[in-house]
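Chain by chain, the residues:
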Amino acid sequence: MSTYQAPLKDMQLLLETVAPLAELCKLPHFADATPDTVNAILEESAKFASEVLCPLNWSGDQEGARHNPTDNSVATPKGFKAAYHGYRAMGGTGLPMPEDFGGMGMPRCVVTLTDEMLHSSNMGFGLLPMLTQGAIEAILLAGSDELKATYLAKMVSGEWTGTMNLTEPQAGSDLALVKTRAEPQPDGTYKVFGTKIFITYGEHDWAENIVHLVLARLPDAPPGVKGISLLVVPKFLVNKDGSIGARNDAKCISIEHKLGIHASPTSVMQYGDAGGATGYIVGEPNRGLEYMFIMMNLARFGVGLQGVGISERAYQHAVAFARERVQSRDVGAPKEPSVPIIRHPDVRRMLMRMRAQTEAARALAMATAYAFDLAEAHPDAAVRASNHAFVDLMIPIHKGWATEMSQDVTYLGVQVHGGMGFVEETGAAQYYRDARITPIYEGTTAIQANDLVGRKMAREGGVTAKALIASMREFTRELATSQHPHLKVAHSRLNSGIDALERTVAFNLANFNSNVRACFAGSVPMVKLFGIVCGGWQLARVALEAEKRIKTGHADKAFYEAKLATLRFFADTMIPEAIAAADTVVNGAEGTLALAEDAF
Ligand SMILES: Cc1cc2nc3c(=O)[nH]c(=O)nc-3n(C[C@H](O)[C@H](O)[C@H](O)COP(=O)(O)OP(=O)(O)OC[C@H]3O[C@@H](n4cnc5c(N)ncnc54)[C@H](O)[C@@H]3O)c2cc1C
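Residues numbered from 1 in each chain as written. Predicted model: local features only at pLDDT ≥ 70, side-chain atom pairs only at ≥ 80, totals over all residues. Heavy atoms only, no water.

Caption draft 1: The site of the ligand, seen in detail. If you check the shell around the ligand, you find 21 residues, and the closest are Thr167, Ser173, Phe198, Thr200 and Thr444. The separation between a nitrogen atom of the ligand and a polar side-chain atom of Thr200 is 2.7 Å. Look at the ligand: alone it shows 980 Å² of surface, and the protein chains cover 62% of it. Counting only elements with at least two residues in the shell around the ligand, the list comes to strand S3 (160-165), strand S5 (190-200) and helix H13 (445-453). (Near = heavy atom within 4 Å. Polar contact = N/O pair within 3.5 Å; in protein donor to acceptor, adjacent residues only side chain to side chain. Areas by Shrake-Rupley, 256 points an atom, 1.4 Å probe, with all protein chains shown as cover. Helix = DSSP H or I, 4+ residues; strand = E, 2+ residues; numbered from the N terminus.)

Written as structure tokens, this is what we have:
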């Protein structure tokens, strides 16, 4: 069976470089997140991931979740419910949540690492805590005091879980088409009617109640996205004393048969078949999508982390196989017997590509998570605002790039295994299948890309993108002071990458009003370009610190040298791909749109 070890040393290094925890815990808001506390959390989470979740990953995939049509219940695979209770007992569900509701209030940069471990060890499992976090955030953000008092403590403790109900058969990327109805009742509640599809953990057997957050339209709502409201619709109504009451008119009528994440039930939810499901409005009517988008920021960030987590797992698996599998002679020593495949240059290329992209995406996620924390807790309003803007810009980049790169990494994971990669028992195929959903849900890559070029760039005149470019330029001046050959190459490549990025930002701003179709034709390559250049920037920040530690005689020299070598590969191989993507952004639209629709 495949094993997983959390990359704790890498994670620690990120908490000392791109997301300096020692600085963060000086802020009163994060005073409890001391390095000792965080170390203990990371070690315990790592142990749980490798000893409890990892052994269930393969069996969960094979067994899958099962729907029982007689009572509309869903049974999750053997061992998952007990694992969830172990996760709760460890305090996993409350880690990032406010202390007022029983959480630990840990910074996002810490939770980013523990969440990555969940997704590496068992992506099907990790989805439930991820979506529950999103549902809690929405209630925290806009819920009334009564809603908070009724639901939050139980959701933070993990006693109850949460879902996000956006999608309907005719409304996927385009939520303006949502049809589910919510009719106001004299007592201030609503009756909800409609069908939601693809609802992750919409039904399961881990918790006594499920708190659905449902997008719906009120009778007088304006058409389009401005007429959508957000409602809490619990599986069981809650009595005044907080105990579980009557069953609500909400049921899971089936679950999907999918390419991957078999352990995670993807439910079709039916609301209102027996007179209307009781719902409670969150915040103000018609502002549901606005609230959902704030909650979706976190969910999109979480899906990007799934990309990182599944890539790390595929990489570890491929390295282990490449060390063991003996095949073919070394091209540099053809008279010697056959060697482990890790000695073949092309296998090295694949492993480096897997490793470098995973590390870059993790570092970028951590830089974003750190900005989340500063945006929330820094005493200076200007610092909060600039970090907020950075997070907003980074969400579509991180989600789009980390999930797309996970396709490449898990594909290579299969390739390293040769024919054994195509055979299910080795496990490499499962990572490939599981990874495939990540560029689709929480907004496809195209939707992230539209968000990047439209809302996050053109609409604000490129202010944040230009500030980002200025920060990267400032960093490359620091990088230029190093004489290390790998850092010198990285400096030159990164500068070219930033030039390319600047060129595409200028193209986008110049053309958005006059030739919007051209901007959207190149928006997905733009996500790739931003992801690679920003990922390279963060990798270089880590490598610069690694060089300092080597110079000062740090004991773990081999580990730090590996950081420099990984950056060198990324600079030589990935940044040129980003520059090629920039050419596509600027010059590709004509060809992309040349063929008439009816000629396809
Ligand atoms: C396993 C799984 C779990 C899910 N979990 C949840 C959940 O918990 N809650 C929930 O509400 N939903 C969930 N979803 C739904 C998911 O978020 C949607 O499938 C996703 O947003 C895409 O919508 P769609 O499937 O309708 O595709 P469509 O919107 O029909 O898209 C089809 C294609 O058209 C492209 N496209 C559409 N619009 C544009 C545009 N404006 N510009 C460019 N290209 C465009 C897309 O990129 C895509 O390539 C889940 C889906 C799956 C498969």
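There's plenty left to go through after this.
Caption draft 2: Molecular detail of the environment of Asp145. Tracing the chain through its elements places Asp145 in helix H7 (residues 145-156). Measuring from C-alpha to C-alpha, the distance between Asp145 and Leu177 comes to 31 Å, with 32 residues separating the pair along the chain.

Caption draft 3: The arrangement of the packing of helix H3 (residues 35-63) against helix H12 (residues 428-435) in detail. Where H3 contacts H12, the two axes come as close as 11 Å, and the packing angle between them is 70 degrees. Regarding the angle of H3 to H12, the classification is roughly perpendicular. The handedness of the crossing between H3 and H12 comes out as left-handed. Where H3 abuts H12, its residues Asn57, Trp58 and Asp61 lie against Gln430, Tyr431, Arg433 and Asp434. (Axes fitted to C-alpha atoms, helices over the stretch in contact; angles between N-to-C directions. Parallel < 35°, antiparallel > 145°, perpendicular 65-115°, else oblique. Left-handed = near helix turned anticlockwise from the far one by under 90°. Contact = heavy atoms within 4.5 Å.)

Caption draft 4: Region of interest: the packing of aromatic side chains. Scanning the entire structure with this criterion turns up 12 aromatic pairs. Both rings, one in Phe301 and one in Phe372, keep their centres 5.4 Å apart while their planes meet at 75 degrees; by these two values the pair is edge-to-face. On the criterion of sequence distance, the pair formed by Phe301 in helix H8 (residues 288-324) and Phe372 in helix H9 (residues 345-377) is long-range, its members being 71 residues apart. Each member of the pair, Phe301 as well as Phe372, is classed as buried. In this structure an aromatic cluster arises from ring pairing among Phe48, Phe80, Tyr84, Tyr87, Phe125, Tyr201 and Trp206. Just above the ring of Phe236 sits the side chain of Arg247; from NZ or CZ to the centre is 5.4 Å. The ring of Phe293 has Arg455 lying over it, and the distance from NZ or CZ to the ring centre is 5.8 Å. (Phe/Tyr/Trp six-rings, centres within 6.5 Å; stacked < 30°, edge-to-face > 60°. Buried < 20%, exposed > 50% of the residue type's maximum accessible area, 1.4 Å probe, protein only. Lys NZ or Arg CZ within 6 Å of the ring centre and 35° of its normal.)

Caption draft 5: Here's a closer look at the side chain of Gln430. Relative to the helices and strands, Gln430 resides in helix H12. Within polar-contact distance, the side chain of Gln430 engages the side chain of Asn57 at 3.3 Å. If near-sequence neighbours (up to four positions away) are discounted, Gln430 is found in contact with Asn57, Trp58, Asp61 and Glu424.

Caption draft 6: The arrangement of the side chain of Thr566 in detail. On the secondary structure map, Thr566 appears in helix H18 (residues 557-587). Accessibility expressed as a relative area gives 1% for Thr566, which makes it buried. For Thr566, the side chain forms a polar contact with the side chain of Arg355, separated by 3.0 Å. The contacts of Thr566, once residues within four sequence positions are left out, are Met352, Arg355, Ala356 and Glu359.

Function cannot be inferred from these measures alone, as they are strictly geometric.
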